[in-house]
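Each chain is listed here by its residues.
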Amino acid sequence: MTEETYTDAHLKEVLQRTRVIAVVGVSMNPVRPSYYVARYLGLKGFTVIPVNPGHAGEKLFGQTIRASLSEIKEPVDMVDIFRRSDHVPPIVDEALAAFPDLRTIWMQIGVVNPEAAATARARGVDVVMYRCPKIEYQRLFGELRMGGFNTGVISSKL
């Protein structure tokens, strides 16, 4: 698994320009990372559109869960992927087809797919792999203190 290096300035710029995030693979279970990351981002003012075919039509954080990215009719700035690395290419292909103005594909911690990243980058879309937007937001905007790093604990409590 390869981990890419991103500058803090680049990550901060990506988060500052983003308004609408489609979260692919979001869970309804509040102890799952996809749930509390999506919840946190929503509480920070992002519009979060949940995507999970197993829960399509249900409500989460005031939004209707969509079965697929192609069901989303509003513009999306970022697609945040909580799926296994080998599931990423069709998600990226669908995102590129559904959102002509997409700015960012974000793959969560543990998710890396260089081929899908190359496809997105060839279309002018920024790609972040093996990172979490919640953690990066907290770190870059002063919410995660040094004590949090020293303990090795990142809490899901808001």
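Just above, that's the structure.
What you see is a predicted model; the values in this text were computed from it and never measured.

Conventions used here
- Residues numbered from 1 in each chain as written.
- Predicted model: local features only at pLDDT ≥ 70, side-chain atom pairs only at ≥ 80, totals over all residues.
- Heavy atoms only, no water.
- Helix = DSSP H or I, 4+ residues; strand = E, 2+ residues; numbered from the N terminus.
- Buried < 20%, exposed > 50% of the residue type's maximum accessible area, 1.4 Å probe, protein only.
- Core = buried A, V, L, I, M, F, W, Y, C linked by side-chain atoms within 4.5 Å.
- Contact = heavy atoms within 4.5 Å.
- Axes fitted to C-alpha atoms, helices over the stretch in contact; angles between N-to-C directions.
- Parallel < 35°, antiparallel > 145°, perpendicular 65-115°, else oblique.
- Left-handed = near helix turned anticlockwise from the far one by under 90°.
- Nonpolar A, V, L, I, M, F, W, Y, C, P; charged D, E, K, R; others polar.

A. Summary view of unusual backbone geometry. Look at Phe 61: it is not a glycine, yet its phi comes out positive at around 55°. The topology assignment puts Phe 61 in the loop between strand 3 (59–60) and strand 4 (63–64). The phi angle at Tyr 130 is positive, at roughly 60°, despite the residue not being glycine. Its location among the elements puts Tyr 130 in the loop between strand 7 (126–128) and helix 5 (133–140). Residue classification places Tyr 130 among the partly exposed residues on the basis of a relative accessible area of 26%.

B. Structural context of the nonpolar core. One finds Leu 69, Val 76, Val 79, Leu 102, Ile 105 and Met 107 to be the most contacted residues of the largest nonpolar core, which totals 51 residues. Apart from residues lying up to four places away in sequence, Leu 102 is in contact with Val 76, Asp 77, Met 78, Val 79, Ala 95, Leu 96 and Val 125.

C. Quick peek at the packing of helix 3 (residues 88–98) against helix 4 (residues 114–122). Closest axis-to-axis distance for the helix 3/helix 4 pair is 8 Å, and the angle between their directions is 15°. Our classification of the angle between helix 3 and helix 4 gives roughly parallel. Like other packed secondary-structure pairs, helix 3 and helix 4 cross with a definite hand, here right-handed. Across from Val 88, Pro 89, Val 92, Asp 93 and Leu 96 in helix 3, the residues of helix 4 making contact are Ala 116, Thr 119 and Ala 120. Residues belonging to the contact of helix 3 with helix 4 are distributed by class as follows: six nonpolar, one polar and one charged.

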